[in-house]
Amino acid sequence: MTLEELRIEAGLSKLELAREARVDFNTLQRAITGEIITLGSAAKIARAISGALGRSIPWQQIEGLKVKV
C-alpha cells in the first residue's frame, strides 16, 4: 500500500500524521508525492503509521516511498 492509502486507512489527516511522526509537514507531503526523503524521516513516518494501525509496517514495505540511503 502507498503512504497515502495507509494514512487514510489509519484515519489520520496529513497534519496529524506529520505531528505523530515528528516530521515537518512538507517532508510528509514530499513522501506522499514520491519525492526523496531521508531514511530517518521514512523510519519516523513508518513508526507513526504502524502505531496508528496497530501493526508493524517497515518503511521498506510502503509502496512508492523513495528514501535517500
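Above this text sits the structure in question.
Residues numbered from 1 in each chain as written. Predicted model: local features only at pLDDT ≥ 70, side-chain atom pairs only at ≥ 80, totals over all residues. Heavy atoms only, no water.

Draft legend 1. Structural view of the packing of helix α1 (residues 3-10) against helix α4 (residues 39-53). Between α1 and α4, the least distance of the axes is 9 Å, while the angle of their chain directions is 35°. Of the two elements, α1 crosses α4, and the hand of that crossing is left-handed. Contacts between α1 and α4 involve L3, L6, R7, E9 and A10 from the first element and I45, I49, A52 and L53 from the second. Residue composition of the contact of α1 with α4, grouped by class: 7 nonpolar, no polar and 2 charged. (Axes fitted to C-alpha atoms, helices over the stretch in contact; angles between N-to-C directions. Helix = DSSP H or I, 4+ residues; strand = E, 2+ residues; numbered from the N terminus. Left-handed = near helix turned anticlockwise from the far one by under 90°. Contact = heavy atoms within 4.5 Å. Nonpolar A, V, L, I, M, F, W, Y, C, P; charged D, E, K, R; others polar.)

Draft legend 2. The environment of A21, seen in detail. Relative to the elements of secondary structure, A21 occurs in helix α2 (residues 14-21). Sequence separation between A21 and S41 is 20 residues; the distance between their C-alpha atoms is 8.1 Å. Dropping the residues within four chain positions of it, A21 is found in contact with K44, I45 and A48.

Draft legend 3. Representation of the pattern of salt bridges in the model. Using the criterion set out here, one finds 2 salt bridges in the structure. R7 is paired through a salt bridge with E4; the nearest N and O atoms lie 2.7 Å apart. Residue R7 and its partner E4 are both found in helix α1; the two are separated by 3 residues, about one turn of the helix. Here E4 falls in the partly exposed class, since its relative accessible area comes to 23%. Note that R55 and E9 form a salt bridge whose closest N and O atoms lie 3.0 Å from each other. With R55 in the loop between α4 and β2 (66-68) and E9 in helix α1, this residue pair connects regions lying 46 residues apart in the sequence. (Salt bridge = Lys/Arg side-chain N within 4 Å of Asp/Glu carboxyl O. Buried < 20%, exposed > 50% of the residue type's maximum accessible area, 1.4 Å probe, protein only.)

Draft legend 4. Summary view of the packing of α1 against helix α3 (residues 25-32). Packing of α1 against α3 brings their axes to within 8 Å, and their N-to-C directions diverge by 120°. Of α3, the residues touching α1 (which contributes L3, E4 and R7) are L28, A31 and I32. Here the residues of the contact of α1 with α3 are counted per class, giving 4 nonpolar, no polar and 2 charged.

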